[in-house]
Amino acid sequence: MTGVGGRRVLLGITGGVAAYKAADLARLLVKSGVDLRVAMTEAGTRFVTPVTMQALSGQPVYTDLWDPRIPDNMAHIELSRDRELIVIAPASADFIGKLAGGLAGDLLSTLCSARRCALMLAPAMNVEMWRNPATQRNVAALRDDGVIFAGPADGDQACGETGMGRMLEAGEIFDLIQGFFAPRLLQGRRVLITAGPTEEPIDPVRVITNSSSGKMGFAVARAARDAGARVTLVAGPVSLDGPAGVIRINVRTAEEMFAAVQNAVPDCDIFISVAAVADYRVKRPATQKIKKGNQRALTLDLEENPDILAWVAARPRPPFCVGFAAESENLAEHAMEKRAKKRIPLLAANLVHEALGADDNSITLFDDRGAHPLGRGAKGELARRLVEHIAAMLDVK
Ligand code: C5P
């Protein structure tokens, strides 16, 4: 069970093609232990059926303000009172307009109007409908009222056009819901994170690099953001989007990563070095592509890259430093040695074959008190446990 287990959420579905993603969102929420109720507008039921949503949520689905199953005929009160969050996905332009105008003529808009809990909207509409000044006015008014917006995103739309208005994917909305419920353990802290590999050019097409998807570093950035931190993420070349709400600086080489870290580190309280930095770079990369020729062997003249983490940890007043170590064997021994050598308070270690490119990982933390296995789990979940551990260490300092 993740950090949202036991939370009480109402998922509202309005009319839009993106309603099919709501089925996936319901599955993710239920799988993670959320107590889920579903309510749909009449238009919503045209895109995905109440039967589907009932099967996925394991609960009766509500569509009618006059539902006879609610004993006192107060469905809008009954269904909203015990909820901690209402998520409308998809939220159509029409529904957003209704909410902004305070209209409450059907079950879902009445539920939103009568709620005492937070409201998150995941808009989904055609690009011109999203750009329409009336929609933009409505969105601005709802934001002012404290409504949380999840998206929309830019991209291909079901209508064949391209632009803003596409609903976020189910996983992205789920991620934002997890963020909503995360305890603000790092509120007000400034966190600097490095992630992904670095690429050291040999010639204009060839590079020396490390295998690293960047997934773990990005998960740590999300977890720190969700914990209330202001996050700067220095990312090597990875094919990952976002994370939203994080300052992202893209770099290629270790020297570029070092420069970005040097620039950002005076303004940070916590430095988490997840990047798989290349230890060496080619001394003089060729300006033109090296031709194969006849030689049977090729020698590259390498020089050492700066150890970014060790440099940060050796600063006069260093931030709280966390290192990552990917080992192929003798995990504990290598991890403890590395932590001592780099003089850092906390090191997260994993075995390479368990982590590379995967969505799951298995991590053990090493600090002054010894080894703390975080167990096996999704990288997002392990990142949350890491943030908890960091917050606990900072609290006792
Ligand atoms: O490569 P190594 O196992 O020493 O990496 C351990 C930690 O040091 C990682 O957190 C990594 O991000 C960091 N590191 C670094 N600069 C390097 C090499 C490693 O910041 N040149």
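Every value quoted in this text rests on a predicted model; they were computed, and no experiment measured them.

Novice: Hey, could you go over the sheet that holds strand β9 (residues 190-195) for me, with residue numbers and the actual values?
Specialist: Across the sheet, eight strands lie side by side as β13-β12-β9-β14-β17-β18-β19-β20; this open sheet has mixed pairing. Where the open sheet ends on each side, the last strands, each with one partner, are β13 (247-250) and β20 (370-378). Strand-to-strand twist across the sheet, computed as the mean angle between neighbouring axes with direction ignored, equals 15°. The pairing of β9 with strand β14 (residues 270-273) spans four bridges and is parallel. The residue of β14 that forms the bridge with Leu192 is Phe271. Where helix α13 (residues 331-342) meets the sheet, its contacts fall on β17 (320-327), β18 (346-351) and β19 (360-367), and the angle it forms with β18 comes to roughly 150°.

Novice: Pulling in residues and values, what's your account of the pattern of salt bridges?
Specialist: Scanning the entire structure with this criterion turns up 26 salt bridges. The salt bridge partner of Lys21 is Glu169, with a shortest N-O separation of 3.3 Å. Here the residue Lys21 occupies a position in helix α1 (residues 19-31), and Glu169 occupies one in the loop between β8 (162-166) and α9 (170-181), the gap between them amounting to 148 residues. Between Glu327 and Lys338 there is a salt bridge, with the nearest N and O atoms lying 2.8 Å from each other. Here Glu327 is found in strand β17, whereas its partner Lys338 is found in helix α13, with 11 residues between them in sequence. Assessed through its relative accessible area of 30%, Lys338 is described here as partly exposed. Where salt bridges share partners, they join Asp35, Arg37, Asp82 and Arg83 into one cluster.

Novice: Describe the environment of Leu351, listing the residues and the values that go with them.
Specialist: Note that Leu351 resides in strand β18. When the C-alpha atoms of Leu351 and Ile86 are compared, they prove to be 40 Å apart, with 265 residues separating the residues in sequence. Apart from the residues within four sequence positions on either side, Leu351 is in contact with Glu327, Ser328, Glu329 and Leu331.

Novice: Tell me about the domain arrangement of the chain, residues and numbers included.
Specialist: Domain boundaries assigned for the chain yield domain 1 (8-181) and domain 2 (190-287 + 297-396). Taking only C-alpha atoms, the centre of domain 1 and the centre of domain 2 are 37 Å apart.

Novice: Break down the site of the ligand for me, citing the residues and quoting the values.
Specialist: All residues adjacent to the ligand are Ser273, Ala275, Val277, Asp279, Pro306, Asp307, Ile308, Leu309, Gly323, Phe324, Lys338 and Lys342. A distance of 2.9 Å separates a nitrogen atom of the ligand from a polar atom in the backbone of Pro306. Protein chains bury 88% of the 450 Å² of accessible surface belonging to the ligand in isolation. If you list the elements that add at least two residues to the shell around the ligand, you get α12 (308-313), β17 and α13. Here the residues of the shell around the ligand are counted per class, giving six nonpolar, two polar and four charged.

Novice: Any chance you could break down the sheet that holds strand β5 (residues 118-123) for me, citing the residues and the numbers?
Specialist: One open sheet holds the six strands; their spatial order is β3-β2-β1-β4-β5-β6, and the pairing between them is parallel. Lying at the two open borders of the sheet, with one neighbouring strand each, are β3 (61-62) and β6 (148-149). Both strand β4 (residues 85-91) and β5 contribute to a ladder of five bridges, which runs parallel. Within the sheet, the bridge partner assigned to Leu85 lies in β5 and is Ala118. Against the sheet, helix α5 (residues 93-100) engages β4, β5 and β6, with an angle of about 150° to β5.

Definitions and limits used
Residues numbered from 1 in each chain as written. Predicted model: local features only at pLDDT ≥ 70, side-chain atom pairs only at ≥ 80, totals over all residues. Heavy atoms only, no water. Pairing = 2+ DSSP bridges. Helix = DSSP H or I, 4+ residues; strand = E, 2+ residues; numbered from the N terminus. Axes fitted to C-alpha atoms, helices over the stretch in contact; angles between N-to-C directions. Contact = heavy atoms within 4.5 Å. Salt bridge = Lys/Arg side-chain N within 4 Å of Asp/Glu carboxyl O. Buried < 20%, exposed > 50% of the residue type's maximum accessible area, 1.4 Å probe, protein only. Domains from an automatic or database assignment. Near = heavy atom within 4 Å. Polar contact = N/O pair within 3.5 Å; in protein donor to acceptor, adjacent residues only side chain to side chain. Areas by Shrake-Rupley, 256 points an atom, 1.4 Å probe, with all protein chains shown as cover. Nonpolar A, V, L, I, M, F, W, Y, C, P; charged D, E, K, R; others polar.

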